[in-house]
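A closer look at the structure
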Amino acid sequence: MNRSAILFGNILRRYALRRPLPRALPLLAAFMAAFALPVKSHAQTDAQFSQYYEVPNYYNAAAGGLTDLLRIRAGARLQWVGIEHAPQTFLVAADMPFKFIGKRFGTGLVMQQESYGLYKNLNIGAQLSYKQKLLKGQLSIGVQVGFVDQSFKGTDVFIPDQDDFHTGTDDAIPQQDIRGNAFDVGAGLFFTHKLFWVGVSGTHLTQPSIKLNAESGENTNEKNYEFTLGRTVYFMAGSNIPLKNTLFELQPSVLVKSDFTFTSWDATMRCRYNKFITAGVGYRWKDAVYAVVSAEIKGFFIGFSYDYPTSSIARASSGSYELFAGYSLKLDFSERNRHRHKSVRIM
């Protein structure tokens, strides 16, 4: 089930039906399209972020532990501000490297929660990746296991039955709160080089099926609903280009995503000064242009982005806002420092 259809359904419930009926019919069509076959339909759970380059392990399980840093990022995105019940997304992503039996590995954790209209979904995944030197760079192979939880607040659904265009007892639309969860798997490859980085990955590889049942067993006539999470593939790439004899660096990057039905891409160009301040612009195909700015000092990070929609949704929304904050800690895996401690007498 796509995010726009869900959003239109809730706009219809809170907004369109208060208008003259002919003007509400296009939104009604979108609403009914979202629920026309709810017994078994496809749902999207991967969130959208303009600062995708800050959380690569959210998209690619192999992107954890690429450096010698423990990295933590937490962010929030408010989509389509000005539209009631538009998507709101929260994300926490962390990763770090470690060594085991002389081999280099990476581990990570991602947790994403998103609400849009009457829907909520929660994704949690644990990641493990193996690192291997290759072609003067490093190849990482990773896997993610976790679960996805979805819920729909059917008790808040409002279907008018005072005219010929609505059926207040439509069995295709949940009338009770329903919830379900399922096991989820993702995997990816990530290659880093001093000149560039590139990764390819897939989420929901097993196409988990979520059966949403009533949260209480009081309704003996309850109807069960089933959603299948379609596979999504990602391609990420970027580079860090120092400008000769300056403290500036150019950081182009791209993200391509596809669920084999719909394909989209982001292209971003950033400029970083003295490894401290970064600013740039980006474009998301047929969706938005955006500006990003961030700062990092002594391991602390903060980043902000603003999206201006290029589609017709700009008539109802002032744009989307995104804020990320985080911290990075240097980890030392050298043998000579393994058991060294300072004496309190010479500190």
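That block above? That's the structure.
Residues numbered from 1 in each chain as written. Predicted model: local features only at pLDDT ≥ 70, side-chain atom pairs only at ≥ 80, totals over all residues. Heavy atoms only, no water.

**Digging into the pairing of strand S6 (residues 137-153)**
When a strand is regular, its side chains alternate between the sheet's two faces. Threshold: At least two DSSP bridges between two strands are required for those strands to pair. Runs of E in the DSSP output that reach at least two residues are strands. Runs of H or I that reach at least four are helices, and both are numbered from the N terminus.
Bridge analysis of strand S5 (residues 119-134) against S6 gives 16 bridges, and the strand direction is antiparallel. Residue pairing in the sheet places Asn 121 in a bridge with Gln 150 of S6. In textbook terms, the turn of a hairpin is the stretch between consecutive antiparallel strands, and for S5 and S6 this stretch comprises two residues, one of which, Leu 135, has a positive phi near 50°. Both S6 and strand S7 (residues 177-192) contribute to a ladder of 16 bridges, which runs antiparallel.

**Brief notes about the environment of Arg 272**
Selection rule: We call two residues in contact whenever any of their non-hydrogen atoms come within 4.5 Å of each other.
Mapped onto the elements, Arg 272 comes out in strand S14 (residues 263-273). For Arg 272, the contacting residues outside a window of four places in its chain are Asn 240, Leu 247, Phe 248, Glu 249, Gln 251, Ile 277 and Thr 278.

**A closer look at the packing of aromatic side chains**
Heads up, the condition is: Geometry of aromatic contacts follows a simple scheme: Phe, Tyr and Trp rings, the Trp one being its six-membered ring, pair when their centres are within 6.5 Å, and the pair is stacked under 30 degrees between planes, edge-to-face over 60, tilted otherwise. The criterion is that NZ of a Lys, or CZ of an Arg, lies within 6 Å of the ring centre and within 35 degrees of the ring normal, and then a charge sits over that ring.
This structure, assessed with the given rule, holds 17 aromatic pairs. Relative to Tyr 283, the ring of Trp 265 has its centre 5.6 Å away and its plane inclined at 65°; by these criteria the two rings are edge-to-face. Here the residue Trp 265 occupies a position in strand S14, and Tyr 283 occupies one in strand S15 (residues 277-284), the gap between them amounting to 18 residues. The positively charged end of Arg 73 is found above the aromatic ring belonging to Phe 301, 4.4 Å away from the centroid. Sitting over the face of the ring of Tyr 53, Arg 270 holds its NZ or CZ atom 3.6 Å from the ring centroid.

**Examining the pattern of salt bridges**
Where charged atoms from two side chains of opposite charge approach closely, those side chains can pair. Selection criterion: Any carboxyl oxygen of Asp or Glu that lies within 4 Å of a side-chain nitrogen of Lys or Arg is treated as forming a salt bridge with it. Here the term buried applies to any residue with accessible area under 20% of the maximum for its type, exposed to any over 50%, and partly exposed to those in between, with areas from a 1.4 Å probe on protein chains only.
Going through the model one piece at a time under the given rule, you end up with 14 salt bridges. For Arg 104, the salt bridge goes to Asp 68, with nearest N and O atoms at 2.7 Å. Here Arg 104 is found in strand S4 (residues 103-116), whereas its partner Asp 68 is found in the loop between helix H3 (56-59) and strand S2 (69-81), with 36 residues between them in sequence. With a closest N to O distance of 3.1 Å, Arg 179 and Asp 149 form a salt bridge. One end of the pair, Arg 179, is in strand S7; the other, Asp 149, is in strand S6, and 30 residues separate them in sequence. We classify Asp 149 as buried; its relative accessible area is 9%. Put simply, Arg 77, Asp 266, Arg 284, Asp 287, Asp 307 and Glu 322 are held in one network by salt bridges that share partners.

**Brief notes about the pairing of S15**
Side chains Thr 278, Gly 280, Gly 282 and Arg 284 of S15 all project onto a buried face; the interleaved residues Ile 277, Ala 279, Val 281 and Tyr 283 project onto a face where none is buried. Of the pairings in the sheet, the one linking S14 to S15 comprises eight bridges and is antiparallel in character. Along S15, the bridge assignment pairs Tyr 273 with Ile 277. Remark: three residues form the turn of the hairpin made by S14 and S15, two consecutive strands paired antiparallel; Asn 274 in that turn has positive phi of roughly 55°.

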